[in-house]
Amino acid sequence: MVIQEQEQHPLVPQHGEEIRAGKWEWTSELWHFSELLYFLAWRDVKVRYKQAAFGAAWAIIQPLFTMFIFTFFFGRMANIPSGGIPYPLFFYTTLVSWTYFAGTLGQAGNSLVSNAPLITKIYFPRILLPASSALSSLLDFGVGSSFLVVMMLYYRIAPTWKIVFWPLVVLDMLVVTLGISMWLAALNVRYRDIKHVIPFMVQLGLWVTPVLYPVSYLSPRWRLLLALNPLSAVMEAFRASVFPKYQLDWRLMATSLGTSLLFLVIGVLYFRKAERSFADII
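Residues numbered from 1 in each chain as written. Predicted model: local features only at pLDDT ≥ 70, side-chain atom pairs only at ≥ 80, totals over all residues. Heavy atoms only, no water.

**Notes on the overall build of the protein chain**
Helices and strands together make up the secondary structure of the protein chain, namely 13 helices and zero strands. Written out in order from the N terminus, the α and β elements of the protein chain read α-α-α-α-α-α-α-α-α-α-α-α-α. Counting the 282 residues in the protein chain, one finds 49% classified as buried. Contacts in the protein chain between residues far apart in sequence, at least 24 positions, make up 78% of those at least 6 positions apart. (Helix = DSSP H or I, 4+ residues; strand = E, 2+ residues; numbered from the N terminus. Buried < 20%, exposed > 50% of the residue type's maximum accessible area, 1.4 Å probe, protein only. Contact = heavy atoms within 4.5 Å.)

Structural data, given as structure tokens:
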């Protein structure tokens, strides 16, 4: 059978050359391939836990053991203020989201290079590869967050009505992570040493993001600089949505949220510009 229309068979190889989207609008194209996004995300989940003895429990083990270390060194010894929140809860709340961000960045940043045979043989929106990494990691985030409920029951802390903002904070976390991931994934196609830069960025980012400390711990001058970090709003909003007495710096939140959208726009624009040459370079 001869296939003549790409709309009917969008994933048909054409002698190793990339099939162009033609007259399709990008947003319509993404919707057309939404089912493929689901299968790519599910593939990432299965690969991640294949032959893993603890399976999805790693989503709890990683932030949990890090929480123990931070509680001892930064809570008990350094006496970082937590606003009356028990140190294990204070650290674990943000460590779950930071673990999601760090893990997704490493996986999504290498998603295009690791899927080179797929990219050079068939056409699909390349953005689905970093997007599938970001979506599949939400499963780990959900498992890790479920243990937070257990910890709050243990410490007898009941959330207030502010818990309704939790899904919005998760969405903001997803936007930030996807924006940075697209940018790094596109750069990694042309400059392969980006894969070495990503772990360094994650290590550095832990200290310039309010994971180990509240924003109130810093002077007003440093808070303004911290607001340029889009993850600042994510970490502070997670704590505020869970703990009744935790106060937000709304100026920081507004600046950080604006930076989140800026990162997403820059990531999308650069990815779209670099996408045309992926099949030739990779």
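**Focus: the pattern of salt bridges**
Counted by the stated rule, this structure contains three salt bridges. Among the ionic pairs, D44 bridges to R43, the shortest N-O distance being 3.4 Å. Owing to a relative accessible area of 8%, D44 belongs among the buried residues under this scheme. Salt-bridge contacts for E275 lead to R272; the nearest nitrogen and oxygen are separated by 2.9 Å. (Salt bridge = Lys/Arg side-chain N within 4 Å of Asp/Glu carboxyl O.)

**Things to note about helix α2 (residues 34–49)**
Along its 16 residues, α2 runs 23 Å from first to last C-alpha, staying within 8% of the 22 Å computed at 1.5 Å per residue. Among all positions of α2, only L37, L40, A41, D44, V45 and Y49 are buried. Around the axis of α2, the buried residues are gathered within 160° of arc, so they sit on the same side. Turned more than 90 degrees off the buried face of α2, the exposed positions are E35 and V47. Buried-residue contacts for α2 involve α4 (87–109) and α7 (128–154). (Expected span 1.5 Å × (residues − 1). Arc of directions from axis to C-beta.)

**Description of the side chain of S132**
Within the secondary structure, S132 is located in helix α7. Residue classification places S132 among the buried residues on the basis of a relative accessible area of 1%. Side-chain polar atoms of S132 contact the side chain of D44, separated by 3.2 Å. Within the local environment of S132, its side chain forms a polar contact with the backbone oxygen of L129, the two atoms lying 2.7 Å apart. Setting aside residues no more than four positions away along its own chain, S132 makes contact with L37, L40, A41 and D44. (Polar contact = N/O pair within 3.5 Å; in protein donor to acceptor, adjacent residues only side chain to side chain.)

**Examining a nonpolar patch on the surface**
A contiguous nonpolar patch, built from W183, V197, F200, M201, L204, W207 and V208 and spanning about 660 Å² of accessible area, is present on the exposed surface. Among the elements that line the nonpolar patch, the one with the most residues is helix α9 (residues 194–207), at five residues. Mapped onto the fold, W183 is located in helix α8 (residues 166–190). Judged by its relative accessible area of 37%, W183 falls in the partly exposed class. (Patch = residues over 30% accessible without salt bridge, like charges linked within 9 Å, V, L, I, M, F, W, Y side chains within 5 Å. Areas by Shrake-Rupley, 256 points an atom, 1.4 Å probe, with all protein chains shown as cover.)

**Looking at unusual backbone geometry**
For N79, which is not glycine, the phi torsion reads 55° and is therefore positive. Summarising the element assignment, N79 is placed in the loop between α3 (58–77) and α4. Classification of N79 as exposed rests on a relative accessible area of 55%. Backbone geometry at R156 places phi at a positive 55°, although glycine is not the residue there. Note on placement: R156 falls in the loop between α7 and α8.

**Regarding the confidence of the model for the protein chain**
Mean pLDDT over the protein chain: 82, with 88% of residues reaching 70 or higher. Ranking the elements of the protein chain by mean pLDDT puts helix α1 (residues 26–32) last with 70 and α4 first with 92. This model gives residues 1–24 a pLDDT under 50, and the stretch forms 37 contacts once residues within four places in sequence are excluded. (pLDDT = per-residue confidence, 0-100.)

**Digging into the side chain of K162**
Among the structural elements, K162 can be located in the loop between α7 and α8. Among buried Asp, Glu, Lys and Arg side chains, K162 stands out as unpaired, with E236 the closest opposite charge at 11 Å. A distance of 3.1 Å separates a polar atom in the side chain of K162 from the backbone oxygen of A240. (Lys, Arg positive; Asp, Glu negative; His and termini not counted.)

**Concerning the packing of α4 against α9**
Axis separation between α4 and α9 bottoms out at 10 Å; the angle between their running directions is 165°. With respect to α9, the element α4 is oriented roughly antiparallel. Read as a crossing pair, α4 and α9 show a hand that is right-handed. For the pair α4 and α9, contact is made by W98, A102, L105, G106 and G109 and by I198, V202, G205 and L206, respectively. Residues of the contact of α4 with α9, tallied by class, amount to six nonpolar, three polar and no charged. (Axes fitted to C-alpha atoms, helices over the stretch in contact; angles between N-to-C directions. Parallel < 35°, antiparallel > 145°, perpendicular 65-115°, else oblique. Left-handed = near helix turned anticlockwise from the far one by under 90°. Nonpolar A, V, L, I, M, F, W, Y, C, P; charged D, E, K, R; others polar.)

**Here we look at the packing of α2 against α7**
In contact at an axis separation of 8 Å, α2 and α7 are set at 55° when each is read in the N-to-C sense. Taken together, the axes of α2 and α7 lie oblique to each other. The handedness of the crossing between α2 and α7 is right-handed. For the pair α2 and α7, the contacting residues are L36, L37, L40, A41, R43, D44, V45, R48 and Y49 in the first and L128, L129, A131, S132, S133, L135, S136, S137, L139 and D140 in the second. Residue classes in the contact of α2 with α7 are distributed as eleven nonpolar, four polar and four charged.

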